[in-house]
2 protein chains.
Amino acid sequence: MSALKGATPIHFGPFLVTPQVFHTTPLTFALVNLKPILPGHVLVSPRRIVPRVADLSPTETSDLFLTVRRVGRMVERVYGAASLNIAVQDGEHAGQSVPHVHAHIIPRRAADLDHAGGTDAIYDLLDGAEGDVARAWRDAGADTSADKGEERVQRRSRFPAVDNEGRKPRGEQEMRAEAEMLAREMEKEPVD
Amino acid sequence: MSALKGATPIHFGPFLVTPQVFHTTPLTFALVNLKPILPGHVLVSPRRIVPRVADLSPTETSDLFLTVRRVGRMVERVYGAASLNIAVQDGEHAGQSVPHVHAHIIPRRAADLDHAGGTDAIYDLLDGAEGDVARAWRDAGADTSADKGEERVQRRSRFPAVDNEGRKPRGEQEMRAEAEMLAREMEKEPVD
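Every value quoted in this text rests on a predicted model; they were computed, and no experiment measured them.

K.L.:
If you had to explain the overall build of chain A to someone new, which residues and values would you point to?
P.N.:
In terms of helices and strands, chain A carries four helices and seven strands. Ordered by position from N to C terminus, the α and β elements of chain A give β-β-β-β-β-α-β-β-α-α-α. When each of the 192 residues of chain A is scored for burial, the buried share is 62%. Within chain A, contacts between residues at least 6 apart in sequence are counted, and of these 67% link residues at least 24 apart. Split by element, the accessible area of chain A, about 7500 Å² in all, is 51% carbon and sulfur.

K.L.:
Give me the lowdown on the packing of helix α1 (residues 58-78) of chain B against helix α4 (residues 172-188) of chain B, citing residues and values where you can.
P.N.:
How two helices sit against one another is set out by the angle between their axes and by the gap between those axes. All names here are of chain B. One can describe the packing of α1 onto α4 by two numbers: an axis separation of 10 Å at closest approach and a directional angle of 110°. Taken as axis vectors, α1 and α4 run roughly perpendicular relative to one another. As α1 runs across α4, the sense of the crossing is right-handed. Contacts from R70, V71, M74, R77 and V78 in α1 reach M181, L182, E185, M186 and K188 in α4.

K.L.:
Report on the environment of R47 of chain A, specifying residues and quantitative values.
P.N.:
Residue and element names in this part refer to chain A. Relative to the helices and strands, R47 resides in the loop between β5 (42-46) and α1 (58-78). In sequence terms R47 and V101 are 54 residues apart; their C-alpha atoms lie 9.5 Å from each other. When sequence neighbours within four positions are dropped, the list of residues in contact with R47 reads T8, I10, T24, T25, P26, L27, T28 and F29. In this structure the side chain of R47 is engaged in a polar contact, spanning 3.4 Å, whose partner is the backbone oxygen of T25.

K.L.:
Before we move on, can you summarise the pairing of β5 of chain A with the specific residues and values?
P.N.:
Residues and elements named next belong to chain A. With five of five residues buried, β5 is to be regarded as a mostly interior element. Burial along β5 is two-sided: V42, V44 and P46 facing one way and L43 and S45 facing the other are all buried. Summarising the sheet, strand β4 (residues 28-32) and β5 pair through five bridges and their orientation is antiparallel. Residue pairing for β5: F29 is matched across the bridge by S45. Inspection of the sheet shows β5 paired to strand β7 (residues 103-108) by three bridges, in the antiparallel sense. In the strand pairing of β7, V44 is matched with A103.

K.L.:
Outline the interface of chain B and chain A, supporting the account with residue identities and numerical values.
P.N.:
Contacts between the two partners involve 48 residues from chain B and, on the opposite side, 48 residues from chain A. Each partner contributes to the roughly 4100 Å² buried at the junction of chain B and chain A, and carbon and sulfur atoms together form 52% of this total. If you look at where chain B meets chain A, you find two salt bridges. One can count 19 residue pairs in polar contact (both at pLDDT 80 or more) joining chain B with chain A. Contributions of two or more residues to the side of chain B that touches chain A are made by α1, β6 (83-90) and α2 (121-127) of chain B. Tallied by class, residues from the side of chain B that touches chain A come to 20 nonpolar, twelve polar and 16 charged. Judged from the seven bridges that link them, strand β6 (residues 83-90) of chain A and β6 of chain B form a sheet pairing that is antiparallel. Paired with Q89 of chain A across the two strands is N85 of chain B, which belongs to β6 of chain B.

K.L.:
Quick rundown of the packing of α1 of chain A against α1 of chain B? Include the residues and the values.
P.N.:
The interhelical angle for the contact between α1 of chain A and α1 of chain B, taken along N-to-C directions, is 125°, at an axis separation of 9 Å. The orientation of α1 of chain A with respect to α1 of chain B, classified from their angle, is oblique. Regarding α1 of chain A and α1 of chain B, the two cross each other, and that crossing is right-handed. Between α1 of chain A, through P58, T61, S62, F65, L66 and R69 of chain A, and α1 of chain B, the contact on the second element is made entirely by P58, T61, S62, F65, L66 and R69 of chain B. Among the residues making up the contact of α1 of chain A with α1 of chain B, the classes are represented as six nonpolar, four polar and two charged.

K.L.:
Describe the relation of the copies chain B and chain A, naming the residues involved and giving the relevant values.
P.N.:
Expressed as a screw transformation, the operator carrying chain B onto chain A has a rotation angle of 180° and an axial translation of 0.0 Å, and the superposed copies differ by an RMSD of 0.0 Å. With respect to symmetry, the two chain copies, as superposed, fit the operation of a two-fold axis. An overlap of 100% is found between the interface residues of chain B and their copies at the interface of chain A, pointing to a shared contact surface.

K.L.:
Break down the sheet that holds strand β5 (residues 42-46) of chain B for me, citing the residues and quoting the values.
P.N.:
Overall, antiparallel pairing links the ten strands, which are arranged β3(A)-β4(A)-β5(A)-β7(A)-β6(A)-β6(B)-β7(B)-β5(B)-β4(B)-β3(B) in an open sheet. In the strand order of this sheet, the two ends are held by β3 (21-24) of chain A together with β3 (21-24) of chain B, each with one partner. Averaged over all pairs of adjacent strands, the angle between their axes in this sheet comes to 20°, without regard to strand direction. Relative to β4 of chain A, β3 of chain A is paired through three bridges, and the arrangement is antiparallel. Note that in β4 of chain A the partner of H23 of chain A across the bridge is A30 of chain A. On top of the sheet, α1 of chain B reaches β3, β4 (28-32), β5, β6 and β7 (103-108) of chain B; it is set at about 165° to β5 of chain B, its chief contact. Across the sheet, α4 of chain B is in contact with β3, β4 and β5 of chain B; its angle to β3 of chain B comes to roughly 30°.

Cut-offs used in this document
Residues numbered from 1 in each chain as written. Chains lettered and ligands numbered in written order. Predicted model: local features only at pLDDT ≥ 70, side-chain atom pairs only at ≥ 80, totals over all residues. Heavy atoms only, no water. Helix = DSSP H or I, 4+ residues; strand = E, 2+ residues; numbered from the N terminus. Buried < 20%, exposed > 50% of the residue type's maximum accessible area, 1.4 Å probe, protein only. Contact = heavy atoms within 4.5 Å. Areas by Shrake-Rupley, 256 points an atom, 1.4 Å probe, with all protein chains shown as cover. Axes fitted to C-alpha atoms, helices over the stretch in contact; angles between N-to-C directions. Parallel < 35°, antiparallel > 145°, perpendicular 65-115°, else oblique. Left-handed = near helix turned anticlockwise from the far one by under 90°. Polar contact = N/O pair within 3.5 Å; in protein donor to acceptor, adjacent residues only side chain to side chain. Pairing = 2+ DSSP bridges. Buried area = accessible area lost by both parts, 1.4 Å probe. Salt bridge = Lys/Arg side-chain N within 4 Å of Asp/Glu carboxyl O. Nonpolar A, V, L, I, M, F, W, Y, C, P; charged D, E, K, R; others polar. Least-squares fit on C-alpha atoms with pLDDT ≥ 70 in both.

See the structure below:
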């Protein structure tokens, strides 16, 4: 089952994420997060499972970031945001937890993290357990049978993730519903 | 004077940065930093001064991120790194301090920030005064006569920048020498 009709199975590293995917191109896909740091926090990845941006072809690189631009514009609109954090942890020593290239896109609004310490608290959240996409999917029992990659040990930030213990991973139904909504919204976005 | 022969003046937001530029394409340029967070921390920007990724054309977007990929590969090699942090603060509410699109590229090595708290301390440095490119250029008395944009107030991270007081802005000569070295190294990088 997928938000996208007729979609073939899509893996994010070792995880089967087809129901969470809301947009695909021949080379790229975009998926909702199990534990979004802020509303509309999504990921964009190449279809080919490679760990580093330098492993991508120029065509794959262009398609990835054109998709980041288009998806970013969409989530900014849908979630009523005014800015975006775009971040790639490109390799293990940069904090990458799933060895499959992925760009985080996080819609930002004025004062949206004042309760957590201010605008830049986003990075503590991205670094902490909130942003650990590998652990989140693993904890949720996502299918790892594809065995497409080894999970890596991620170093923890020296700062605790704000409000982490109070957040629950979302259920499959909630993610699927969001993916279906975002798939419809992507259809409204101009191609360029 | 520039690391690039025959270069026309290049502005990063309101700042004239021609001597710090080590690579250009018709649509994109790359420059060394006044106060790099780690060795090889560089910025990549579109030639056209616009604040948001969504303001770029698809061609500009592709060229920007193909340049990020190529420059990233180069700095990773030259600075003996094994990973890269790639980050765009896309808009004021995402922490952007100069209203001109720019991607930070930061080469990472194993244990390179153990003294500062671990791998993810990079974000505290990026958020703190270390990463405030507007303030760094302003403090250095960079030419702002171009008046191409208003500087914005950047909110400070709730965490102090590690070792900030001990770091000095680099001199023009040091930056120019690094830009010249990196310009030569870019010539060794395959185009694709």
